[in-house]
Amino acid sequence: MLSLRAPPRTLSASPWRRRGRLDGFAAPRCVSAAPPATTLETATARSAGVSFPILVNGCTGKMGVSVAEAATSRGLHLVPVSFSSRENLDKTIQVGDTDVEIYGPSAREDVLSSVIDEYPDVVVVDYTAPDSVNSNAELYCKLGVPFVMGTTGGDQQLLYKSVQDSENYALISPQMGKQVVAFLAAMETIAEQFPGAFSGYRLEVLESHQAGKLDTSGTAKAVIACFEKLGAVFDMERMVKIRDPEQQLYMVGVPEEHIEGHAFHLYHLTSPDDSVSFEFQHNVCGRSIYAEGSVDAAVFLYKKVQSMDPKRIYNMIDVLQEGDMR
Ligand SMILES: NC(=O)c1ccc[n+]([C@@H]2O[C@H](COP(=O)([O-])OP(=O)(O)OC[C@H]3O[C@@H](n4cnc5c(N)ncnc54)[C@H](O)[C@@H]3O)[C@@H](O)[C@H]2O)c1
Ligand SMILES: O=C(O)C1=N[C@H](C(=O)O)CCC1
């Protein structure tokens, strides 16, 4: 059996270790690719009168490409521009029939300003990197372009402050998958209604993502905040983060074809006297649920901007509550 490089005390006390292989992490029957959008779906997006320009920032990355593809399948107009953290990339990325031109950091303000002149109702969707969250948000706010921030990490407090101060429109969420958003909404509801119900319970958390993921799961952080409101005790330092493909394959049980793109989460709660335990899991293979959710988010935000809704800052629970997720 593979041993984890995670803090040993957490694991020796945990059900994951006792089971050997993480059979709690029952892998879903994963599909390899996003289902093709049907003609009906495309027609629905158009007939609902929600065709607008969308700029996906981070088209050099995996989520960026998936969102750009989902947006075009849903009948949105993909702006043929995206950005990179690197200068002189001199690159175009093909998404369907569109050649998306990639610009470096020094050009981004001028290029984005020109895009806004050409497409005044453009919505930006950001899937870049944790250390770009705040600088990108600052730019969107400075230019007054509404944005969906799918990128996790960065300074979240500062992110909200930038949007509030600029009175820009933004939708910010570490999780775009409809069913996981519903789970998060349920967690927020019970935390609000029954604060302290899990008082003194010990919480253990394991998250496994593709090796390239730079930050700790933003979704896990949001779920943990709810367990903490419920009274559970958790030390962030003890989060078990798995990025090693071999461990993912043999211990977590991630299907081989999804080692490059998965998000498995397990939360285990134990009562102070060890007599009661709870376990919650959400295991996602691939990226299609996030890509579809991101397009839902962009459509939702576009409609809020058009109606000059006074709220201005939203999350995915707002989208779900308004029945706007597919
Ligand atoms: N909200 C969600 O549901 C959700 C789902 C999946 C991933 N994510 C988050 O999205 C982010 C991206 O994930 P990914 O799997 O696509 O990563 P990735 O590494 O495949 O892609 C990120 C891309 O952004 C580029 N980049 C970095 N800084 C940039 C900048 N300043 N401007 C433009 N491009 C820049 C990188 O070069 C890279 O090509 C991560 O933070 C991840 O946690 C969120
Ligand atoms: O693949 C990623 O990276 C993911 N990031 C989000 C997070 O940090 O919670 C959502 C799940 C996938």
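Numbering of residues begins from 1 in every chain and follows the order in which that chain's sequence is written. To label them, take the chains in the order written and letter them from A, then take the ligands in the order written and number them from 1. Only residues with pLDDT of at least 70 get local features here, since the model is predicted, and only at 80 or more are side-chain atom pairs given and counted; chain-wide, interface and lining totals rely on the full set of residues. Hydrogen atoms and water are omitted, and side-chain values are computed over all heavy atoms in the structure.

Caption draft 1: Region of the structure containing the sheet that holds strand 2 (residues 77-78). Sheet architecture is open: six strands sit in the order 2-1-6-7-8-13, paired in parallel fashion. The two strands at the open ends of the sheet, each matched to only one other strand, are strand 2 and strand 13 (313-314). Pairs of strands are assigned from DSSP output, requiring at least two bridges between the strands. Helix and strand definitions follow DSSP, with helices as H or I runs of at least four residues and strands as E runs of at least two, each counted in order from the N terminus. Pairing geometry for strand 7 (residues 147-149) and strand 8 (residues 170-172), over three bridges, is parallel. If you follow Phe 147 over to strand 8, its bridge partner there is Ala 170. Note on contacts: a residue pair qualifies if any of its non-hydrogen atoms lie within 4.5 Å across the two residues. Working convention: axes come from line fits to C-alpha atoms, limited for helices to the stretch in contact. Angles between N-to-C directions cover 0 to 180 degrees. Sitting on the sheet, helix 7 (residues 156-166) is in contact with strand 7, strand 8 and strand 13, with an inclination near 165° to strand 8. Set on the sheet, helix 11 (residues 288-306) makes contact with strand 1 (53-57), strand 6 (123-126), strand 7, strand 8 and strand 13; between it and strand 6 the angle comes to about 145°.

Caption draft 2: Region of the structure containing the site of ligand 1. Here a residue is considered near a molecule or strand provided that any single heavy atom belonging to it is located within 4 Å of it. Every one of the 23 residues lining ligand 1 counts as a neighbour, but Thr 60, Met 63, Ser 132, Thr 152 and Lys 213 are closest to it. One of the backbone N or O atoms of Gly 150 is found 3.0 Å from a nitrogen atom in ligand 1. In isolation ligand 1 offers 850 Å² of accessible surface; the protein chains occlude 83% of this area. Per-class residue counts for the shell around ligand 1 are seven nonpolar, 13 polar and three charged. In protein, a polar contact requires one atom able to donate a hydrogen and another able to accept it; more generally it is a pair of N or O atoms within 3.5 Å, and residues adjacent in sequence count only if both atoms are side-chain atoms. Using the Shrake-Rupley algorithm and a 1.4 Å probe, accessible areas are obtained, with residue cover drawn only from the displayed protein chains. Note on residue categories: nonpolar means Ala, Val, Leu, Ile, Met, Phe, Trp, Tyr, Cys or Pro, charged means Asp, Glu, Lys or Arg, and polar means any other residue, Gly included.

Caption draft 3: A look at the site of ligand 2. Close to ligand 2 lie Thr 152, Pro 174, Gln 175, His 209, Gln 210, Lys 213, Ser 217, Gly 218, Thr 219, Ala 263 and Tyr 290, which account for all nearby residues. In this structure, an oxygen atom belonging to ligand 2 sits 2.8 Å away from a side-chain N or O atom of Gln 210. Within the side chain of Thr 219, a nitrogen or oxygen atom sits 2.5 Å from an oxygen atom of ligand 2. Protein contact buries 85% of the 310 Å² of open area that ligand 2 shows by itself. A cavity, in this analysis, means grid points on a 1 Å lattice covering only the protein atoms where a 1.4 Å probe fits yet has no way out; a pocket is instead an open set bounded by protein on both sides within 12 Å along at least five of seven lines, and a residue lines either one if it has an atom within 4 Å of a point. Think of it this way: if more than half of a molecule's atoms are within 2 Å of a pocket's grid points, that molecule is in the pocket or cavity. If you map ligand 2 onto the pockets, it falls in the largest pocket. Taken together, the residues that form the shell around ligand 2 break down as three nonpolar, seven polar and one charged.

Caption draft 4: Geometry of the nonpolar core. By convention a nonpolar core is built from buried Ala, Val, Leu, Ile, Met, Phe, Trp, Tyr and Cys residues, the set being connected through side-chain atoms within 4.5 Å. Three exposure classes are used, based on accessible area relative to the maximum for each residue type with a 1.4 Å probe and protein chains only: buried under 20%, partly exposed in between, and exposed over 50%. By size, the foremost hydrophobic cluster in this structure holds 43 residues, and its most contacted members are Phe 52, Ile 54, Val 148, Leu 171, Met 176 and Met 316. Broken down by secondary-structure element, the contributors of at least two residues to this core are strand 1, helix 4 (62-73), strand 4 (91-95), strand 5 (98-103), strand 6, helix 8 (178-193), helix 11 and helix 12 (316-321). The dominant element in this core, judged by the number of residues it contributes, is helix 11, at nine residues.

Caption draft 5: Up close: the environment of Val 254. Positionally, Val 254 belongs in the loop between helix 10 (245-252) and strand 11 (262-270). Through-space distance from the C-alpha of Val 254 to that of Ser 208 is 8.9 Å; in sequence the pair is 46 residues apart. For Val 254, the contacting residues outside a window of four places in its chain are Ser 208, Gln 248, Leu 249, Ile 259, His 262 and Phe 264.

Caption draft 6: View of the pairing of strand 5. Only one face of strand 5 is buried, namely the one carrying Thr 98, Val 100 and Ile 102, since none of Asp 99, Glu 101 and Tyr 103 on the opposite face is buried. Pairing geometry for strand 3 (residues 81-83) and strand 5, over three bridges, is parallel. Looking across to strand 5, one finds that Val 81 is bridged to Glu 101. Two elements, strand 4 and strand 5, share five bridges in a ladder whose sense is antiparallel. Residue pairing in the sheet places Gln 94 in a bridge with Asp 99 of strand 5. From the end of strand 4 to the start of strand 5, which pair antiparallel, there are two residues, and Gly 96 there has a positive phi angle of about 60°.

Caption draft 7: Quick look at the UniProt feature "domain: Dihydrodipicolinate reductase C-terminal" (unreviewed entry) in the chain. UniProt positions are given in the numbering used here, feature names are shortened, and annotations may be inferred rather than shown by experiment. Following the UniProt record, the feature "domain: Dihydrodipicolinate reductase C-terminal" (unreviewed entry) maps to residues 180-320 here. The annotated region residues 180-320 carries 41% helix and 22% strand content, and the separation between its end C-alpha atoms amounts to 11 Å.

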